[in-house]
Amino acid sequence: MASTLPDHPHPDTRAAAPLQQERAGRVEVHGIDHIPETERRGRARELFSVWAAASVNYLNLVVGGALVLAGLDLPQAFAVVVVGNLFWLGTGLLAVSGPAAGAPSEVITRALYGVRGNRVNNAVTGWMISVCYFALNLAAAAVAAFSLVEQAGITPTTPIKIAIVVAIVVVTLTISVYGHAAILRLYLPITLVLAAAFAVVGYVVLRHADFGYAPAEPLSGTRLWSAVLAGVTLIASGPLSYTTSADFSRYLPHTTSPRAVLGWTALGGFLPSVAVGGLGVLAASAVDMTDPQAALQQILPGWFDPVFLLALVVGTIAVNALTAYSAGLALQAVGIRIRRTLSVLVDGTVAVCLTLYALLVSNFLDTVSNVLQLTVVLLGPSTAIYATDILLRRNRYDGRALTDESPGSPFWYRAGVNPAGALALAAGVAGAALCVDTLYTGPVAALVGADLALPVGMVVAAAVYAVLMRGRLNRRGA
């Protein structure tokens, strides 16, 4: 049987012992176990800084610039940034299940896929994709750190680069290991510091931006729609990667307003992402964003260069601490009997290996674009199914029942798999794969000349799940 243990051996004996209040300076004791109501605290507004700190980052700047490189003019690129980031509403919707269940997303999704089916889901859409995002963000932080070291007069040789990557990972994993309380305590000051740094960047970019910029060969017709859809997919891949948003809301009391949880989560991700992505768009009108870091250093004042580079590193550490935290929970939910603290370290080790490959072997910008666009084939349908389940059940989840992994569990379904969830995910992924146009071109994409993987995958998955699951819930009661 898979483990539902927290980071101490006997969760059932906790009620008899004095409550261990969650503190920022203490390693979090909970893993994927249920959070008792007596240990829950906080307000929904605390979620804003969690997601804001994770959204003021280098990748949003890179992706904003990439839209102009793809041939869009400024109004088109700004529109794509806004529309793509509206998917933060989905991240907010998924977060409302955390207080309702008192459990992380990795456990709540047992309601969608069944106990055994959810292990496969967590292995792929939970752990594997999280580690890939960790590696991509780590590569971005490492590139900034290499430049920072070079400015200090040290040549970043391969051994030094490896040491820098490891050092960044150590800081990141320390936050993840200390866990939820540390994240809440640290992310408000991190948000304020990053906002100040990017405000300076914004001021400089606005002074140099060419507001009358137009591409040499303006896009029109099918080429324009193809670029717009690809851009929306690229932007949306960010919020879609946080199908684990309940991980950070599960400590809130179950009486917390779902609207407040949705709103503060969505705003925390949306506002900074639009602002930083918009800066990337404007920067691309003034400098060549093929190499964003070097290009921006051409217009930033010399004294600010090290501050900017350090801000890139800190912002990436913030987003990766969340990613590593959720990846650690996903590894537990796969069924591996491992403490959360140790699972986080395993995730970091794998991410370091992937990062070194991305930095030393492949082209970073190409890697970012390809990975982000391909992940929506999985993340779009899985997000749609999760959101549909929340709506069908009216956000009613029994957190304690979700921790039951025995064949008698209400979430065992058929042989441990919920056919509705499995078929919906398979249908959504198949539909998205037929419509994708990135590393390969699917037959539907070839026919219409555009990448429709995101909308098709989400609509198909949600529709199939709603049809198959509604009847079951009506018969048994949500």
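Residues numbered from 1 in each chain as written. Predicted model: local features only at pLDDT ≥ 70, side-chain atom pairs only at ≥ 80, totals over all residues. Heavy atoms only, no water.

Participant: Can you walk me through the overall build of the protein in this structure?
Facilitator: The number of helices and strands found in the protein is 20 helices and zero strands. Taken over the C-alpha trace, the protein has a radius of gyration of 22 Å; the compact-globule value for 478 residues is 23 Å, and the two agree within 12%. When its C-alpha atoms are laid out on the principal axes, the protein stretches across 65 × 55 × 40 Å. Per-residue burial over the protein gives 58% buried out of 478 residues. Sequence separation of 24 or more characterises 85% of the internal contacts of the protein that already satisfy a separation of 6 or more. Of the accessible surface of the protein, which amounts to about 18,700 Å², a share of 65% is contributed by carbon and sulfur atoms. (Helix = DSSP H or I, 4+ residues; strand = E, 2+ residues; numbered from the N terminus. Rg over C-alpha atoms; globule rule 2.2 N^0.38 Å. Buried < 20%, exposed > 50% of the residue type's maximum accessible area, 1.4 Å probe, protein only. Contact = heavy atoms within 4.5 Å. Areas by Shrake-Rupley, 256 points an atom, 1.4 Å probe, with all protein chains shown as cover.)

Participant: Could you clarify how one ought to interpret helix H18 (residues 419–435) in this entry?
Facilitator: Side chains three or four residues apart in an α-helix point the same way, a direct result of the helix having 3.6 residues per turn. For H18, spanning 17 residues, the distance from its first C-alpha to its last is 24 Å, which sits close to the expected 24 Å at 1.5 Å a residue. All of the buried residues in H18 are Ala-420, Gly-421, Ala-424, Leu-425, Gly-428, Gly-431, Ala-432 and Cys-435. One side of H18 holds all its buried residues, which, seen down the axis, span an arc of 135 degrees. (Expected span 1.5 Å × (residues − 1). Arc of directions from axis to C-beta.)

Participant: Explanation requested: the packing of aromatic side chains in the structure shown.
Facilitator: Describing an aromatic ring pair means giving the distance of the ring centres and the angle of the ring planes. Scanning all chains against the criterion turns up nine aromatic pairs. Between Phe-248 and Tyr-325 the ring centres are 5.4 Å apart and the planes differ by 35 degrees, which places this aromatic pair in the tilted class. Here the residue Phe-248 occupies a position in the loop between helix H11 (221–240) and helix H12 (258–284), and Tyr-325 occupies one in helix H14 (residues 305–333), the gap between them amounting to 77 residues. On the basis of relative accessible area, Tyr-325 is assigned to the buried category, the value being 0%. Taken together through their ring pairs, the aromatic side chains of Trp-51, Trp-88, Tyr-242, Phe-248 and Tyr-325 make up a single cluster. (Phe/Tyr/Trp six-rings, centres within 6.5 Å; stacked < 30°, edge-to-face > 60°.)

By themselves these figures say nothing about function.
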